[in-house]
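Read off the chains here:
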Amino acid sequence: MDKQKIFSREDKEIYRDGDKLIKVFDSEYSKANILNEALNHARVEETNLNMPKIRSIRVVDGKWAIILDYIEGKTLQSLMDEHPEKEDEYLNLFVDLQMEVLSKKVPLLNKLKDKMQSQISATDLDATTRYELHTRLDSMPKHTHLCHGDFNPTNIIITDDGIPYVIDWAHATQGNSSADVARSYLLFCLAGKKQLADKYLKLYCKKSDTALQYIQRWIPIVAASRLVKASETEKAFLHNWIDVVDYE
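Here's a quick rundown of the structure.

What counts and what doesn't
- Residues numbered from 1 in each chain as written.
- Predicted model: local features only at pLDDT ≥ 70, side-chain atom pairs only at ≥ 80, totals over all residues.
- Heavy atoms only, no water.
- Pairing = 2+ DSSP bridges.
- Helix = DSSP H or I, 4+ residues; strand = E, 2+ residues; numbered from the N terminus.
- Axes fitted to C-alpha atoms, helices over the stretch in contact; angles between N-to-C directions.
- Contact = heavy atoms within 4.5 Å.
- Salt bridge = Lys/Arg side-chain N within 4 Å of Asp/Glu carboxyl O.

**So, the sheet that holds strand β5 (residues 63-69)**
Within a beta sheet, neighbouring strands are joined by backbone hydrogen bonds and run either parallel or antiparallel to one another. The sheet built from five strands is open, its strands ordered β1-β2-β3-β5-β4 with antiparallel pairing. At either margin of the open sheet sits one strand with a lone partner, and together these are β1 (4-9) and β4 (54-60). For this sheet, the mean inter-axis angle between neighbouring strands, taken without regard to orientation, is 20°. Of the strand pairs in this sheet, strand β3 (residues 20-25) and β5 are connected by five bridges, and their pairing is antiparallel. Residue pairing in the sheet places L21 in a bridge with L68 of β5. Together, β3, β4 and β5 form the strand contacts of helix α1 (residues 31-45), whose direction differs from that of β5 by roughly 15°.

**Here's the deal with the pattern of salt bridges**
In a structure, side chains of opposite charge can pair up when their charged atoms sit close to one another. Evaluation of the coordinates by the stated rule reveals 14 salt bridges. The shortest N-O distance in the salt bridge between K23 and E37 comes to 2.6 Å. Residue K23 is found in strand β3, and its partner E37 is found in helix α1; the two are separated by 14 residues along the sequence.

Spelled out as structure tokens, the structure:
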């Protein structure tokens with residue numbers, strides 16, 4: 001089969017070549033970050049979650065590339081768009097998958113809390129707001145659950161025989177489950193699906209027996225940590241989540 005481009009953005013291109021997926025990074029992309037992404041992915045593979053396996057890492061036309069299994073199927077987002085009548089069914093699957101991911105431990109991954117502290121420091125928020133966010137983050141319980149970092153329906157592929165696979169582990173860390181849930185909630189909101197976001201959050205809280213208020217305390221921290229790489233449109237939205245919070 002000829003190599004076929006399936007996704008492209010400024011710093012990387014993704015191709016399908018038969019049963020392989022080839023993720024080619026721009027020549028200016030940090031080699032250390034590429035190798036770190038591959039290492040994180042390989043470490044998560046050891047949990048035996050359904051996910052594409054890394055086949056190799058090599059240089060393609062002078063650019064570093066990660067070669068993985070190609071998972072044939074449709075994203076959960078595509079299925080939700082095609083079958084709105086099955087929203088509850090798909091949302092239950094989404095939450096169950098997230099709870100399975102969050103139940104795992106990968107001790108050698110970077111700590112989510114450290115990453116978020118650095119991201120908050122790098123924002124253009126004023127010093128008082130940064131201080132309050134750092135203080136709140138530092139006060140949150142320290143856990144070591146596997147956090148995906150970008151858990152949303154576009155990163156779940158359902159095969160033709162109904163097996164779900166979780167993809168895109170570039171942002172995997174270990175940390176507090178509720179921070180990862182707060183991030184998924186914000187991703188739904190950023191996609192213009194506030195009603196679905198609220199429905200998701202209530203369902204997760206019910207299934208996991210987690211207090212809604214506890215996850216809500218994470219939302220401004222997560223919103224701030226996302227500011228660094230957000231588009232201008234996203235930044236305006238994220239600032240609203242940070243500004244509306246009354247710090248204690």
